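# Structural overview for review
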Amino acid sequence: LRARFPRGSFARNVGVLAGGAALGQGITLLAAPLLSRLYSPDDFGLLAVYASLLGILSVAANLRYELAIPLPEGDEEAAQVLGLSLAVTVVVSLLAALVVWALGERLLGLIGSPALRPYLWLLPLGVLALGVYQALSYWAMRKRAYARIARTRLAQGASGVVVQLALGLLRFGPVGLIVGQVVGQAAGSGSLASLALRDDGAALRRVGTAGMLAAARRFNRFPKYSTAGALLDSSSLQLPSVLLTAFFGTAVAGWYFFAQRLLWSPLNMVANSVSQVYYGEAPRLAREDPRALLALFQRTARRLLVLGAAPLALVAAVGPWAFATLFGERWFDVGVYVRLLAPYLLLQFAFRPVSQTFSILEAQRAMLALNASKLVLAVGPLVVASRLGLSPETAVLTHSLGLAANYGMAYLACSRLIRGRIAEATGTGAGAP
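Residues numbered from 1 in each chain as written. Predicted model: local features only at pLDDT ≥ 70, side-chain atom pairs only at ≥ 80, totals over all residues. Heavy atoms only, no water.

## Some words on the overall build of the protein
The test is simple: Helix and strand labels come from DSSP, where a helix needs a run of H or I of at least four residues and a strand needs a run of E of at least two; each type is numbered from the N terminus. Computation of the radius of gyration draws on C-alpha atoms, with the globule rule given as 2.2 Å multiplied by the number of residues to the power 0.38. Buried means the residue's accessible area, taken with a 1.4 Å probe over protein chains only, is under 20% of the maximum for its type, while exposed means over 50%, and partly exposed covers the values in between. The contact criterion used is simple: two residues touch if any of their non-hydrogen atoms lie within 4.5 Å. The accessible surface values rely on the Shrake-Rupley method and a 1.4 Å probe; as for residues, cover is taken only from the protein chains in view. For the charge count, each Lys or Arg is scored as positive and each Asp or Glu as negative, with His and the chain ends excluded. By convention, charge coordinates are those of NZ in Lys, CZ in Arg, CG in Asp, or CD in Glu.
Helices and strands together make up the secondary structure of the protein, namely 15 helices and zero strands. The C-alpha atoms of the protein give 21 Å as radius of gyration, which agrees with the globular expectation for 433 residues (22 Å, within 12%). Seen through its C-alpha atoms, the protein measures out along the principal axes to roughly 60 × 45 × 45 Å. Taking all 433 residues of the protein together, the buried fraction comes to 56%. Within the protein, contacts between residues separated by at least 24 positions form 84% of all contacts whose residues are at least 6 apart in sequence. Here the protein has roughly 18,100 Å² of accessible surface; of this, 66% comes from carbon and sulfur atoms. Treating the 38 positive side-chain charges of the protein as one cloud and the 19 negative ones as another, the clouds have centres 4 Å apart.

Have a look at this one:
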């Protein structure tokens, strides 16, 4: 096994991260039958709205400067980017707290979730927790500390589930799900911070205002274009839960969220692991060997597509019966939503890990255009279905097919960008293979 997957190889690094993620996600999946009996579909519907709002805000937590941490050649410049990312996170979290205080009640009224009001104060805390973890994990990716990242994945899964189960047994209601999610997101940040200070303390001690401002100017495309693109991307994935709540009620949103959570959790542990290793390797290839980058991009996407097809097909086939048996009859509809979401989740699984190529090639404008179309294809079908009086199942199916089409478009666009980089490197013109 060691001969086939030598230390430092792409496959071995993915295996290390996937192993930690598998344990963390395995805990989440094993706890799902218990959570489904401690919390109602309406409770999960409120968690879905909270998670959607947090998902939208968290992509701006670092203004996407965290994506630039692996890019500089020297650690001193990268450390300035890390300091900048953490400083931005604090500011964004404070702004989120101000918005929640001033406009929270009005916002929840607009989206039809006034029951979330008592728990909205947890939103800025979630933004802070995610922002800190994102910045530190990208530093760990830069240092190829994949084993440490894997351990944080396990800590996140275990701590979040323990809190949700404990508060569920104490009948805390939806706040138990939300607090558990925040605790899970924060877990692991201390471990990553201690690693950075121990191994790279000299570079980190030189972080200062002047260096952070220079880094902000050097990588200004990330907040200018990547943040807007990421907000569009996140909105296309998170707003459906909010709109389903507004159009069809919290129970439908809860079924949708539960289906996504159970189906995406095992896929996500692989996708995130591949994504982090890919982002650790691809910037070097973009600088030194664009042809190798194209090969890595295509090979990774193809293998993920094949890997995800069989389990998704199986779960879709037995979905309604399996979910009713495991979680109780009131969760039968979760299996129906699993079938409807399978097409888009398969293409998301195959392409999302390598979509970071847009950032690596600093092609933020192309990514912004694709994410704008993604938002239209994700949200448009839900709005149209609601206006026409169609069923929530029809709305979710058309939403799923729209997202699947967008991921296919993004794959083709990304391939073309890499081929363009090859043409620049070899001087063979725009039509280089």
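Additional details are given in the paragraphs that follow.
## A closer look at the nonpolar core
Keep this limit in mind: Remark: nonpolar core denotes a set of buried residues (Ala, Val, Leu, Ile, Met, Phe, Trp, Tyr, Cys) joined through side-chain atoms within 4.5 Å.
Within the largest apolar cluster, 129 residues are counted, with the highest numbers of intra-cluster contacts made by Phe-44, Tyr-50 and Leu-116. Looking at which element gives the most residues to this core, the answer is helix α10 (residues 250-288), with 21 residues.

## What about the pattern of salt bridges?
Any two side chains of opposite charge can pair, on the condition that their charged atoms come close. Note the following rule: Only one rule defines a salt bridge in this text: a Lys or Arg side-chain nitrogen within 4 Å of an Asp or Glu carboxyl oxygen.
Counted by the stated rule, this structure contains nine salt bridges. Across the pair Arg-142 and Asp-75 runs a salt bridge whose closest N-O atoms are separated by 3.0 Å. Placement of Arg-142 in helix α4 (residues 122-142) and of Asp-75 in helix α3 (residues 75-110) is noted, with a sequence separation of 67 residues between them. The exposure class assigned to Asp-75 is partly exposed, which follows from its relative accessible area of 27%. Here Glu-76 and Arg-206 are joined by a salt bridge, their closest N and O atoms 3.0 Å apart. On the criterion of sequence distance, the pair formed by Glu-76 in helix α3 and Arg-206 in the loop between α7 (189-205) and α8 (209-218) is long-range, its members being 130 residues apart.

## Let's talk about a nonpolar patch on the surface
Defined as follows: Like-charged residues within 9 Å of one another, or nonpolar side chains (Val, Leu, Ile, Met, Phe, Trp, Tyr) within 5 Å, are grouped into patches, provided each residue has over 30% relative accessible area and no salt bridge.
Residues Val-91, Leu-95, Leu-98 and Trp-101 make up a contiguous nonpolar surface patch of roughly 480 Å² in combined accessible area. Within the secondary structure layout, Val-91 lies in helix α3.

## Topic: the side chain of Lys-374
Tracing the backbone shows Lys-374 in helix α14 (residues 364-388). With relative accessibility at 2%, the residue Lys-374 sits in the buried group. With sequence-adjacent residues up to four places away left out, Lys-374 is seen in contact with Asp-233, Ser-236, Leu-237, Arg-352, Leu-403, Asn-406 and Tyr-407.

## Observations regarding the confidence of the model for the protein
Note that predicted coordinates carrying low pLDDT should not be read in detail. Counted only if it meets this: pLDDT measures how confident the predictor is about each residue, on a scale from 0 to 100.
Averaged over every residue, the pLDDT of the protein is 83; residues scoring 70 or more account for 92%. Confidence over residues 1-5 falls short of pLDDT 50; this stretch has three contacts with residues more than four positions distant or in other chains.

## As for the packing of aromatic side chains
As a reminder, the rule being used: Each aromatic pair joins two rings of Phe, Tyr and Trp (for Trp, the six-membered one) with centres within 6.5 Å, and gets the label stacked for planes under 30 degrees apart, edge-to-face for over 60, and tilted for any other angle.
This structure, assessed with the given rule, holds seven aromatic pairs. With a centroid separation of 6.3 Å and an interplanar angle of 85°, the aromatic rings of Tyr-39 and Phe-44 are classed as edge-to-face. The same class applies to Tyr-39 as to Phe-44, namely buried. Considering the side-chain rings of Phe-297 and Phe-351, the 6.3 Å spacing of their centres and the 85° angle between planes classify their relative orientation as edge-to-face. Linking Phe-297 in helix α11 (residues 290-327) with Phe-351 in helix α12 (residues 332-351), this pair joins segments that are 54 residues apart in sequence. Judged on exposure class, the residue Phe-297 and its partner Phe-351 are both buried. Taken together, Tyr-39, Phe-44 and Phe-258 form an aromatic cluster joined through their ring pairs.

## Concerning the side chain of Arg-64
Along the chain, Arg-64 turns up in the loop between α2 (41-58) and α3. For Arg-64, a relative accessible area of 17% gives the class buried.

## Points about the environment of Leu-368
One can find Leu-368 in helix α14. Between the C-alpha atoms of Leu-368 and Asp-233, which are 135 residues apart in sequence, the distance is 8.6 Å.

## With respect to unusual backbone geometry
Here Leu-63, not a glycine, exhibits a phi torsion of approximately 55°, which is positive. What makes Leu-63 partly exposed here is its relative accessible area of 28%. One non-glycine residue with positive phi stands out, namely Arg-64, at about 65°.

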